[in-house]
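Fold and geometry: a report
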Amino acid sequence: MSAPIRVLLVDDRAIARTGIRAVLDEDRGIEVVGEAPDIASAVAKARHLQPHLLLAGALSQAVDPVELVDELHVRCGERTPGVLFMANEADTCVRRAFQAGVQGIVLSRVTPGQLLSAVHVVAAGYRIFFDERVLPARDDDSVTQLTSCHDGSTADTTGISLLTRREKEVFRLLAQGLSNTEISTELVLSENTVKSHVQRLLEKLNLRNRVHAVIHAYRTGLVSPPCPDLGPQQDDFPYGSRVGASA
């Protein structure tokens, strides 16, 4: 089993940190290594705890994502962790945050499953912007809820053609963080049927688990539509390897 993703929570509201931590603790592939109420303590703990990712709360009055990224680069250098920012729908700093080097932004209304998927995808080397206002139509293959800002031009599409239309539908919803129960409700299928579809698509694509399925969905372009113009993107990531990059 691979080492878990080490996450540092940053929010000045203790109750918010507790709620988010409860969600992350449900995923054995994620380890919350610490909490911080402000930028100064977040940077100090990042240097000491060396997390892979900082998850900053949307409503925190003490955390500006641009300032957070700048301070991390100054104090942590090559060991700078990634930053996943939970933004408000009307937040004006989203574009600035991406330009500053924030790896991912999700709206504060994401479901627990979607948040977990975002953590895994960002930790895998993708830059993402989650905007649930781009909810896809049932038969639309061009738009998804989780928009990957990874360049899909080198995406490996191996295996996708092996999936049936229903398996692609299940795959797409799985990649958006939905549980089997939620997928069964969305597609009006029994939960056992959904489980069978998930098992078959994992076998067809030679994937070990749901986390690898989420990452593979972005690599293949199944859920990677064009990104909005959010400014220049970084080509290097401070932790691990960039998934999907050519060898």
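First, a word on scope: everything that follows refers to the structure included in this document. (Residues numbered from 1 in each chain as written. Predicted model: local features only at pLDDT ≥ 70, side-chain atom pairs only at ≥ 80, totals over all residues. Heavy atoms only, no water.)

The next subject is the side chain of aspartate 27. Topologically, aspartate 27 is positioned in the loop between helix H1 (14-24) and strand S2 (30-36). One buried charge, aspartate 27, has no salt-bridge partner; the nearest side chain with opposite charge is arginine 28, at 6.9 Å. Engagement of the side chain of aspartate 27 in a polar contact is seen with the side chain of histidine 120, the distance being 2.8 Å. (Helix = DSSP H or I, 4+ residues; strand = E, 2+ residues; numbered from the N terminus. Buried < 20%, exposed > 50% of the residue type's maximum accessible area, 1.4 Å probe, protein only. Lys, Arg positive; Asp, Glu negative; His and termini not counted. Salt bridge = Lys/Arg side-chain N within 4 Å of Asp/Glu carboxyl O. Polar contact = N/O pair within 3.5 Å; in protein donor to acceptor, adjacent residues only side chain to side chain.)

Between helix H6 (residues 165-175) and helix H8 (residues 191-205), whose axes approach to 10 Å, the crossing angle comes to 95 degrees. On the basis of their axis angle, the class for H6 and H8 is roughly perpendicular. In contact with Arg166, Glu167, Val170, Phe171 and Leu174 of H6, H8 contributes His197, Val198, Arg200, Leu201, Lys204 and Leu205. Residues of the contact of H6 with H8, tallied by class, amount to six nonpolar, one polar and four charged. (Axes fitted to C-alpha atoms, helices over the stretch in contact; angles between N-to-C directions. Parallel < 35°, antiparallel > 145°, perpendicular 65-115°, else oblique. Contact = heavy atoms within 4.5 Å. Nonpolar A, V, L, I, M, F, W, Y, C, P; charged D, E, K, R; others polar.)

Attention now goes to H1. What H1 keeps buried is the set Ala16, Arg17, Ile20, Val23 and Leu24. For H1, the angular spread of the buried residues around the axis is 125 degrees, confining them to a single face. The exposed residues of H1 that point more than 90 degrees off its buried face are Ile15 and Thr18. (Arc of directions from axis to C-beta.)

A separate point is helix H7 (residues 180-187). Regarding H7, the residues found buried are Asn180, Ile183, Ser184 and Leu187. Along H7, the residues classed as buried sweep out an arc of 100 degrees about the axis, all on the same side. In the segment just after H7, valine 188 is the residue with positive phi, at about 55 degrees.

Once that is clear, we can look at the packing of H6 against H7. Two elements in contact, H6 and H7, have axes whose closest approach is 10 Å; the angle formed by their N-to-C orientations is 130 degrees. It follows from the interaxial angle that H6 and H7 lie oblique. The way H6 lies across H7 gives a crossing that is right-handed. In this structure, H6 contributes Arg166, Glu169, Val170, Leu173 and Leu174 to the contact, and H7 contributes Ile183, Glu186 and Leu187. Residues that form the contact of H6 with H7 fall into these classes: five nonpolar, no polar and three charged. (Left-handed = near helix turned anticlockwise from the far one by under 90°.)

We now examine the pattern of salt bridges. Pairing of side chains with opposite charge becomes possible as their charged atoms draw close. Summed over all chains, the structure comprises six salt bridges. For glutamate 35, the salt bridge goes to arginine 17, with nearest N and O atoms at 2.8 Å. Taken as a pair, glutamate 35 in strand S2 and arginine 17 in helix H1 lie far apart in primary sequence, 18 residues in all. Under the relative-accessibility criterion, arginine 17 is labelled buried at 14%. The partner of glutamate 167 in a salt bridge is lysine 204, and the shortest N-O contact between them spans 2.9 Å. One end of the pair, glutamate 167, is in helix H6; the other, lysine 204, is in helix H8, and 37 residues separate them in sequence. The class for glutamate 167 is buried, based on a relative accessible area of 2%. Salt bridges linked by common partners bring Arg17, Arg21 and Glu35 together as one network.

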